[in-house]
Every structure is written in C-alpha cells, then in structure tokens.
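An overview of the molecular structure
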Amino acid sequence: MIRILVVDDQSMIRVGIRAILESQDDMTVVGEAENGRAGVDKTRSLRPDVVLMDVRMPVLDGLAATGALLGPERVEGHHPRVLMLTTFDLDDYIYEALRVGASGFLLKDSEPDELLQAVRVVAGGEALLSPSVTRRLIENFVAARPRPTTGSTQLNGLTDREREVLRLVALGRSNAEIAAELFIAEQTTKTHVSRILAKLGLRDRVQAVVFGYESGLVVPGSR
C-alpha cells in the first residue's frame, strides 16, 4: 500500500486529489496539510511514502519544505519521495527542487491517470522526469542564471570509469546507450550507476544530472 500525504493550500485541490488517490486499491491518503510547514510536520509524524507538494504556499513554500524533508534536516530512517505539484511547466522552482531531491513534477491540470502513474513511479524509487528532460531544464536554467560550480571535490572519490559514466548520465544517456558508447555490458553500467549514486549520496539519475552540471563535469552545450 502506498501511503500518501497531500500538501496544498487550496482545499478543493486537496479534496480532489484525495478522491482520485483513494479510488485505488494500492493507495491511501494518510493526511493533508495546507502549507509547507504543516506538510513538514505531518510528514515527520505520519511517515508517508510519497508527499504531493504544492510549489507556492503560505508560511513555507514547497521548495523550502522539500529541502527540510530531504536535506540536512531530514529525519534519519525516513526517506519520502516528493512529487511537486505546479501550475506552470517551466516554474522557476523546478531546478532548485531537483537539487534538493524532489523526484519530479506534475502539472495540476494533469489527467487522473497521469497523477496515479506519477505516484506509482516515484513510490517505486524512480524519477518522474527523464534525465534527458532534466538536462534540457538545467541547461536553460544555467544559461539564464549562471551558478558557481560546487561538489567538484566529491568527484575525487570516483574512479575514472565512474566519472565517465556520470558524465554520460548527466548528458541524458540511458544505460543501454552508455554501455554501447563505453563498450561494456549494460549490467556493468547499472552497477557503475548504483555505485556513483551511493558514493555521492544522490537519490536517483535526475539528481545525478544536476550534480554533473554543478560539479563542472558537464557544461551547457556538451554532447
């Protein structure tokens, strides 16, 4: 059973989402919150598997709330997946939310089936945005708002092969494409990716894409 917390400042949105989710045999809504601060508190007490988090809210916005749940202040032993709810597909919050560990974004006007699929995807440990989509988002963001590179020292803990695999992941390549480019087995690629994520403390491939750019391993326009 997938346990879900719905965090949104509009009661009508919360009611609608709850109705959709609770129509499924494999989902249950364990609670609701009307702002980010309440969302953080209820996540810590109720321990849901997935948090549906609105982006713009009073008291504490969705970005800050996600950072509190997944950043240094996170509760040890509980690692919820956060799915951001947004009105705009190019929301300025997207880049920062991916940085702090959000598993993806969903437009509020998405169809019910899309919402259900999104919850199942992130509950299963996958990112909702593909690395190639994430890469385009990051390149656009970096081009408009250049950021200093960070995390380059963490690259020192990777082997030369792992650095190359990470570079290709950051460029949006699939495991099959990386295997073909490096002339290695696809299973070997999967092993490298798993080790990279573990060494760098990253949650998924989407965060690996963000890290690749922030560390300077990849620069906008790379192919």
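Use the structure listed above.
Okay, so let's go over this structure. (Residues numbered from 1 in each chain as written. Predicted model: local features only at pLDDT ≥ 70, side-chain atom pairs only at ≥ 80, totals over all residues. Heavy atoms only, no water.)

1. Concerning the nonpolar core
M53, M84, F105 and L166 are the most contacted members of the largest nonpolar core, which totals 50 residues. A total of 6 residues in this core trace back to one element, the largest contributor, which is helix α10 (residues 205-214). Beyond its immediate stretch of four places on either side in the chain, L166 contacts L155, L158, I196, L200, A208, F211 and L217. Counting 17 residues, the second-largest nonpolar core is a separate cluster that includes V6, M27, V50 and L106. (Core = buried A, V, L, I, M, F, W, Y, C linked by side-chain atoms within 4.5 Å. Buried < 20%, exposed > 50% of the residue type's maximum accessible area, 1.4 Å probe, protein only. Helix = DSSP H or I, 4+ residues; strand = E, 2+ residues; numbered from the N terminus. Contact = heavy atoms within 4.5 Å.)

2. A few points about the packing of helix α1 (residues 11-21) against helix α5 (residues 112-123)
Packed helices, taken two at a time, are described by the angle between their axes plus the distance between the axes. For the pair α1 and α5, the least separation of the axes is 10 Å and the interaxial angle reads 70°. Classified by the angle their axes make, α1 and α5 are roughly perpendicular. For the pair α1 and α5, contact is made by I17, I20 and L21 and by P112, L115, L116 and V119, respectively. Partitioned by chemical class, the residues of the contact of α1 with α5 number 7 nonpolar, no polar and no charged. (Axes fitted to C-alpha atoms, helices over the stretch in contact; angles between N-to-C directions. Parallel < 35°, antiparallel > 145°, perpendicular 65-115°, else oblique. Nonpolar A, V, L, I, M, F, W, Y, C, P; charged D, E, K, R; others polar.)

3. Describing the sheet that holds strand β5 (residues 104-107)
One open sheet holds the 5 strands; their spatial order is β2-β1-β3-β4-β5, and the pairing between them is parallel. In this open sheet, the two strands that pair with only one neighbour each are β2 (27-33) and β5. Strand-to-strand twist of the sheet, defined as the mean angle between neighbouring strand axes without regard to direction, takes the value 25°. Bridge count for strand β1 (residues 2-7) against β2 is 6 bridges, and the pairing is parallel. Bridge pairing in β2 links L5 to G31. Where helix α2 (residues 36-46) meets the sheet, its contacts fall on β1, β2 and β3 (50-54), and the angle it forms with β1 comes to roughly 160°. On the sheet, α5 packs against β1, β2, β3, β4 (81-86) and β5 and is oriented at approximately 125° with respect to β3. (Pairing = 2+ DSSP bridges.)

4. Some points on the pairing of β2
A large share of β2 lies buried, amounting to 5 of its 7 residues. Crossover β1 to β2 through α1 is right-handed. (Right-handed = clockwise from strand over helix to strand, strands pointing away.)

5. Topic: the pattern of salt bridges
The tally for this structure, following the rule as stated, stands at 10 salt bridges. Between R18 and E22 there is a salt bridge whose closest N-O contact spans 3.1 Å. Between D54 and K108 there is a salt bridge whose closest N-O contact spans 3.1 Å. Note that D54 is positioned in strand β3 and K108 in the loop between β5 and α5, a separation of 54 residues in sequence. Residue classification places K108 among the partly exposed residues on the basis of a relative accessible area of 27%. (Salt bridge = Lys/Arg side-chain N within 4 Å of Asp/Glu carboxyl O.)

6. With respect to the environment of V209
Turning to its location among the elements, V209 is positioned in helix α10. Residues V209 and A170, 39 residues apart in the sequence, show an inter-C-alpha distance of 3.9 Å.

7. Considerations on helix α8 (residues 175-182)
For α8, every residue scored as buried is listed here: N175, I178, A179 and L182. Angularly, the buried residues of α8 cover 100° about the axis, an arc narrow enough to put them on a single face. On the buried face of α8, the contacting elements are α7 (160-170), α9 (186-200) and α10. Downstream of α8 by a residue or two, F183 has a phi angle that is positive, lying close to 60°. (Arc of directions from axis to C-beta.)

8. Focus: α1
Here α1 has its buried residues at R14, I17 and L21. Angular distribution of buried residues about the axis of α1 spans 70°; they occupy a single face of the element. Across from the buried face of α1, at angles greater than 90 degrees, the exposed residues are M12 and A19. The secondary structure elements touched by the buried residues of α1 are β1, β2, β3, β4 and α5.

9. Description of the packing of α8 against α9
The contact between α8 and α9 brings their axes to 8 Å, and the two run at 110°. In terms of their interaxial angle, α8 and α9 are classed as roughly perpendicular. Between α8 and α9, the residues in contact are N175, A176, I178 and A179 and E186, T189, K190 and V193, respectively. Of the residues assigned to the contact of α8 with α9, the class counts are 4 nonpolar, 2 polar and 2 charged.

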